Amino acid sequence: MTDAVATDSAPARRRRPRVRINSTLRRVASRPSGAIGLILTIFFVLLALFAPLVAPYDPAAFDPDLVHLPPSAMHLMGTDSLGRDVLSRVAFGGRLALVVTFCAAIIALLWGGTAGIFFGVVGGRIDEFAMRIVDGFLAIPWLLFLLLMASITGGGAWIVIPILGFFYGIAIIRVARAAALQIGARDFVTAAKLRGEPRWSIIRTEVFPNVADIIFVEGAMRWSWMLIAFASLSFLGFGATPPTVDWGLMIANERAFMAVAPWSVLWPCLALSTLIIGINLLADALGKAVGVDRAGDMPA
Amino acid sequence: MSAALITIDKLSLGFRGRDLQRRPILRNVSLTVDVGETIGIVGESGSGKSTVALAMMGYLKPGLEVFSGRAVFNGNDMFALSEPQRSRLRGSEIALVPQNAGQTLTPTMTVGAQIEEALALHSGIARKARRTRVLELLSLVRLSTPRVIARRYPHELSGGQQQRVAIAMALGSGARALILDEPTTGLDVTTQAHILEFLRELTSELDISMVYVSHDLGVIARVADRIAVMYAGELVEQGNTRSLLRAPAHPYPQALLGSIPRLGERVIPASLPGFPPPVGEARQGCAFAPRCPLSVDRCRNELPPAVELAHGTAHCFRVDEAALWKPAGNPVSSCRTDTVALEVKDLAISYFTPSLPSRLMGVRASPDTVARVDFAIRRGETLGLVGESGSGKSTILRAISGLIPPKHGTIELNGASLPGSIAHRSLEVTKPLQMIFQNADSALNPRLSVREILEAPMKLYFDLSQAELDQRVENLMGAVRLPISYLNGFVGQLSGGEKQRIGIARAFAAEPDIVLCDEVTSALDVSVQASTLALLKRLQESRGAAYIFVSHDLAVVRAISDQVAVLYQGRICEIGPTDSVFKPPFHPYTEILIGAILVPDPDTAPRLLVQDASESSPPSIGCPYQRRCPCRAGPICDTEYPPIRVLADGHRIHCHHTSAALTARASSFDRNLETRTLSAGTEQRVLSQ
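Residues numbered from 1 in each chain as written. Chains lettered and ligands numbered in written order. Predicted model: local features only at pLDDT ≥ 70, side-chain atom pairs only at ≥ 80, totals over all residues.

Secondary structure assignment for chain A yields 12 helices and 0 strands. Listing every helix and strand of chain A by position from the N terminus yields α-α-α-α-α-α-α-α-α-α-α-α. Looking at chain A residue by residue over its 300 residues, the buried ones come to 45%. A fraction of 74% describes how many contacts in chain A between residues 6 or more apart in sequence connect residues 24 or more apart. (Helix = DSSP H or I, 4+ residues; strand = E, 2+ residues; numbered from the N terminus. Buried ≥ 20, exposed ≤ 12 C-beta atoms within 10 Å, placed from the backbone. Contact = placed C-beta atoms within 7 Å.)

Put into structure tokens, the structure is as follows:
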């Protein structure tokens, strides 16, 4: 009998999604900046996914006869110093950067978000101590730190993921902690404490659902900064390594020929900055859609 | 009556929804204010009362637009004027006194400089004359030492003084009309009573018109010549203060009057069913019809006409029936038992204790925020804790709940001593002790469904199957009179009164022995307050819980409590059975508190016995009330803590006067009631050092 009752009321009890994705996306798209951001971001993600279909040539195939050809019907974006097709390389060049920075953003979100909420809820001396450490990390020049870590570990795309994730996670800690502190001062958290709810349950049911969107928006913002960081690392030789096609690497290799073949540098530059602008616009609109309005602060 | 100074003529205004549909906030409101007249606009939250008042100044909140009608001030159609023309009128001829003066005054300028700046903007007074005008204005608003006050910054003034400064600023340029938007709402009862008396004097002195907006009929009754009652954007009745309050023609003001708790009797006031409609809702008939006990089909389908009455107009089909109807409250019967549920012994709480090094450096500990608090509550009993802001009533609740560990003293729950901090309390002792918060908005998680909110305590304290959980949650919703369909919704979609019911249901989900109620009805409208009080009483009768009911509102405490403790500066002045505490003999402080209460009757004046003062911390020795007491027993008040005088049925008064002296004072009480010793409204702030 109890079974019958349970099945009857089961649909009514189904949990609703906490962060309502559909309505949030609709609100993002209803803003011109949000729509542009969304289109640009989706465009580059699709471009990376379907690069083999988009690229007219093999991005690695070089031909000494085709060096520094200007854009033409044959090579829409021209060719580079080794005679490779720039369009094909631009199509493939975002793949590694997107994957690496996306993974790093997820890591940063997970660890930064968790630690931030934890410190915000626990408070007291533990929080005080942790925040001083965070301040210390934020005082380190980020690019030099990345370079140091990359040179110790020997660099390479897969080493960069945890380093970026760790470093940007620290910035997320601050945001997550501030949000958790604000929610922690609300009476429903007091009510849960008074009931004697265990701390993890307060974090999970009372605090997390109320700070998730703030942290998520912060993560989206950090993603674009990570793209810049990864491109810089590749440019300096610690990110993507030569057989891989990568925008940062393309810019590094071709910059010597700026004067004779500007297209081989400009196209990857344009692709990189357009993607970053797109993600920034998207994150900004996302923030406004969920009611988090933040100033565009600079990377630490 | 002379000519109309302000005319609101069939004004409808509102905002547009997403579909560009008109969402009216005011519907066809007509109202006039004559020269020298004070109009009180009364209504619950969302009734549009402030919107009407601001429309008189030609001001619309952003996003609002006028759909039809006019607002005329002194011959100027305010909405037809250009913005610069309007600005010139505002501040010079019609001025606003906002609700929270403390927030509207600039913190970085002395109040004298701020008034001077307003004068420079809105009047042609020469620079040199302004200084003297500022001092004139400050003495006009009965600030006793204008020269001192003018040099103070806003934070150095008490709430009542800030409000007086705001009034002085509004009067500065010789305004002909003053719009007062809930100017005393955040103030203590005694301060409020003083400000109202001063406003009454001011109107007779200056011959200006006032529009006084308030949710409190008691306040309106004190100041207004005429009253306009708003409900859901409509003006339901207007008329002469005395007749409207004595015999309202519309059922809404009648129900409103009926829902106000009265000090005289221990009665839970009649509650109005339901909740006010959401702002801007589309409707056909009378706005009040869904909650009106007299409504007929016609009320729901047609707009009621304006019925001319002897004292004013009412918009109602059922005026004749309404005249015969009288909402009745329910006398409270006690359901107390003899088992003590909670006992507090010699409780002391301090927010700030200097550390050892700073003590060595000469920092002295300030007197404890709360001290010498003793009381016991039996099962099924309600203990009311009353006092003005800063009296420590909420602090005591926080100590009992474990949020602030007490400095010393014990709290015993069902005979066993409770650990001071919530961190050391087990589920066995947190379950019987539940809390209901003042602000239901903040007390309920907006990201959880109502079902999840109610299930949380059950899952924590009881081992139940899903079917049992569902059953209990549904029973609870029935007990707090909310539809089961709300369970899968979120609290953001509910009204204030409904949210508070969810808060109450959550407390009862734990099946508690004691429920701590922290100003639970303060944020609610009067009509909703009455039904919430009735609900709390019903739950107590059926479940036998004890309540500790904290409130600043004596009438509410009187209605619901079996026992009352009056607090001043964290010390109990008087404690005992409700009927004894609210009858003489009184502690001198209780007498003043009761005297300052406003009732919705223009012929009952508050008794203002002493100067209005506020203290920031208790004196370190002697009676906590020594500095404000109007009838000190002698120098002993400054040196010794008052002893307990035990009167009949456990009524205890902490005072140096003997029981005999207190009783003797009591016999002169009735005569005192007539002779109001009003000491010119001067206000004095007793600073801690």
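With that out of the way, let us pick up the overall build of chain B. Counting secondary structure elements, chain B contains 27 helices and 28 strands. Computed over its C-alpha atoms, the radius of gyration of chain B comes to 26 Å, within 12% of the 26 Å expected for a compact globule of 689 residues. Overall, the C-alpha framework of chain B stretches about 70 × 65 × 50 Å when taken along its three principal axes. In chain B, buried positions account for 50% of the 689 residues. (Rg over C-alpha atoms; globule rule 2.2 N^0.38 Å.)

Residue and element names in this part refer to chain B. One can find Ala247 in the loop between helix 10 (241-246) and helix 11 (251-258). Taking the number of C-beta atoms within 10 Å as the measure of exposure, Ala247 has 16 and is therefore partly exposed. When the C-alpha atoms of Ala247 and Ala323 are compared, they prove to be 7.4 Å apart, with 76 residues separating the residues in sequence.

The subject of this paragraph is unusual backbone geometry. Residues and elements named next belong to chain B. In this model, Pro584 is joined to Pro585 through a cis peptide bond whose omega is 5°. When you line up the elements, Pro585 lands in the loop between helix 23 (578-581) and helix 24 (588-596). Of note, Glu511 is a non-glycine position whose phi angle comes to about 50°, a positive value. Looking at the secondary structure, you find Glu511 in the loop between helix 20 (496-509) and strand 21 (514-518). Looking at Glu511, the number of C-beta atoms within 10 Å reads 16, which means it is partly exposed. In this structure, Gln569 takes a positive phi of about 50° despite not being glycine. Turning to its location among the elements, Gln569 is positioned in the loop between strand 23 (563-568) and strand 24 (571-577).

Residues and elements named next belong to chain A. Running from amino to carboxyl end, helix 10 (residues 199-236) crosses helix 11 (residues 247-254) at an angle of 40°, the nearest separation of the two axes being 7 Å. Considered as vectors, helix 10 and helix 11 are oriented oblique to each other. For helix 10 against helix 11, the interelement crossing comes out right-handed. Of the residues in helix 11, those in contact with Phe230, Ala231, Ser232, Ser234 and Phe235 of helix 10 are Trp247, Gly248, Leu249, Ile251 and Ala252. In terms of residue class, the contact of helix 10 with helix 11 is made up of 7 nonpolar, 3 polar and no charged. (Axes fitted to C-alpha atoms, helices over the stretch in contact; angles between N-to-C directions. Parallel < 35°, antiparallel > 145°, perpendicular 65-115°, else oblique. Left-handed = near helix turned anticlockwise from the far one by under 90°. Nonpolar A, V, L, I, M, F, W, Y, C, P; charged D, E, K, R; others polar.)

With 20 residues of chain A in contact, the opposing surface of chain B contributes 22 residues. Contributions of two or more residues to the side of chain A that touches chain B are made by helix 1 (2-13), helix 9 (187-195) and helix 10 of chain A. No other element matches helix 9 of chain A, which puts 6 residues into the side of chain A that touches chain B.

Let us now look at the packing of helix 7 (residues 159-171) of chain B against helix 8 (residues 189-206) of chain B. Helix-helix packing is described using two parameters, namely the angle between the two axes and the distance between the axes. Residues and elements named next belong to chain B. The contact between helix 7 and helix 8 brings their axes to 10 Å, and the two run at 25°. With respect to their mutual orientation, helix 7 and helix 8 come out roughly parallel. At the point where helix 7 passes helix 8, the crossing takes the right-handed sense. Across from Gly159, Gly160 and Gln163 in helix 7, the residues of helix 8 making contact are Thr191, His194 and Ile195. A per-class count over the contact of helix 7 with helix 8 returns 1 nonpolar, 5 polar and no charged.

All names here are of chain B. Taking strand neighbours across the sheet as the criterion, the 8 strands line up as 6-7-8-3-9-10-13-12 in an open arrangement whose pairing is mixed. Edge positions in the sheet fall to strand 6 (94-97) and strand 12 (306-308), since each of these pairs with one other strand and no more. Neighbour-to-neighbour, the strand axes of this sheet turn through a mean angle of 20°, independent of strand direction. One ladder, built from 6 bridges, connects strand 9 (residues 226-231) with strand 10 (residues 234-240); its direction is antiparallel. Each residue of the ladder has a partner; that of Met230, found in strand 10, is Leu235. Across the sheet, helix 7 is in contact with strand 6 and strand 7 (177-181); its angle to strand 6 comes to roughly 170°. (Pairing = 2+ DSSP bridges.)

A word on the confidence of the model for chain B. All names here are of chain B. Residues with a pLDDT of 70 or more make up 94% of chain B, whose mean pLDDT is 86. Between residues 670-689, whose pLDDT stays under 50, and residues either more than four places distant or in other chains, the model counts 38 contacts. Scored by ipTM, the complex comes to 0.82, with pTM at 0.83. (pLDDT = per-residue confidence, 0-100.)

To continue, consider the sheet that holds strand 5 (residues 76-77) of chain B. All names here are of chain B. Strand order across the open sheet formed by 4 strands is 2-1-4-5, with antiparallel pairing between neighbours. Looking at the sheet topology across the chains shown, the edges are occupied by strand 2 (22-34) and strand 5. Here 7 bridges tie strand 1 (residues 4-16) to strand 4 (residues 65-73), and the two strands are oriented antiparallel to one another. Following the sheet pairing, Ser12 is matched in strand 4 by Ser68.

As a further point, take the environment of Asp346 of chain B. All names here are of chain B. Summarising the element assignment, Asp346 is placed in strand 15 (residues 340-349). Classification of Asp346 as exposed rests on a count of 12 C-beta atoms within 10 Å. In this structure the C-alpha to C-alpha distance between Asp346 and Ile411, which are 65 residues apart in sequence, comes to 9.0 Å. Contacts of Asp346, omitting those with residues within four sequence positions, involve Arg372, Asp374, His408 and Gly409.

This next bit is on helix 21 (residues 526-543) of chain B. Residue and element names in this part refer to chain B. For helix 21, with 18 residues, the first-to-last C-alpha span of 25 Å sits near the 26 Å given by 1.5 Å per residue. In terms of residue burial, helix 21 counts as a mostly covered element, since 13 of its 18 residues are buried. Just downstream of helix 21 lies Gly544, where phi reads positive at about 65°. (Expected span 1.5 Å × (residues − 1).)

Residues and elements named next belong to chain B. In terms of burial, strand 3 (residues 38-42) is largely enclosed, as 5 of its 5 residues are buried. Of the two faces of strand 3, the one holding Thr38, Gly40 and Val42 and the one holding Ile39 and Ile41 are both buried throughout. Pairing geometry for strand 3 and strand 8 (residues 209-214), over 5 bridges, is parallel. Within the sheet, the bridge partner assigned to Val42 lies in strand 8 and is Ser214. Here strand 3 runs beside strand 9; their pairing, made up of 4 bridges, is parallel. In the sheet register, Ile39 faces strand 9, and the bridge partner there is Arg226.

With that settled, consider the nonpolar core. Core analysis: the largest hydrophobic core is formed by 276 residues, its most contacted members being Val211 and Ile548 of chain B. In this structure Val211 of chain B touches Val33, Ile39, Ile41, Ala53, Met56, Ala177, Ile179 and Leu180 of chain B, once residues within four positions along its chain are discounted. (Core = buried A, V, L, I, M, F, W, Y, C linked by C-beta atoms within 7 Å.)

Residues and elements named next belong to chain B. Within the secondary structure layout, Ser173 lies in the loop between helix 7 and strand 7. By C-beta crowding, Ser173 is classed as partly exposed, having 19 other C-beta atoms within 10 Å. In the structure, Ser173 is positioned 337 residues away from Ala510 in sequence and 59 Å away in space, judged by C-alpha atoms. If near-sequence neighbours (up to four positions away) are discounted, Ser173 is found in contact with Gly91, Ser92, Leu119, His122 and Ser123.

Here the focus is the pairing of strand 10 of chain B. All names here are of chain B. Most of strand 10 sits inside the fold, with 6 of its 7 residues counted as buried. Count of turn residues in the strand 9/strand 10 antiparallel hairpin: 2 residues, of which Ala232 carries a positive phi of about 45°. Pairing of strand 10 with strand 13 (residues 312-315) involves 3 bridges; the strand directions are antiparallel. Looking at the pairing, Glu237 lines up with Ala314 of strand 13.

For helix 9 of chain A, a buried count of 9 out of 9 residues is recorded, marking the element as mostly surrounded by other parts of the structure. One or two residues past the end of helix 9 of chain A sits Gly196 of chain A, with phi positive at roughly 90°.

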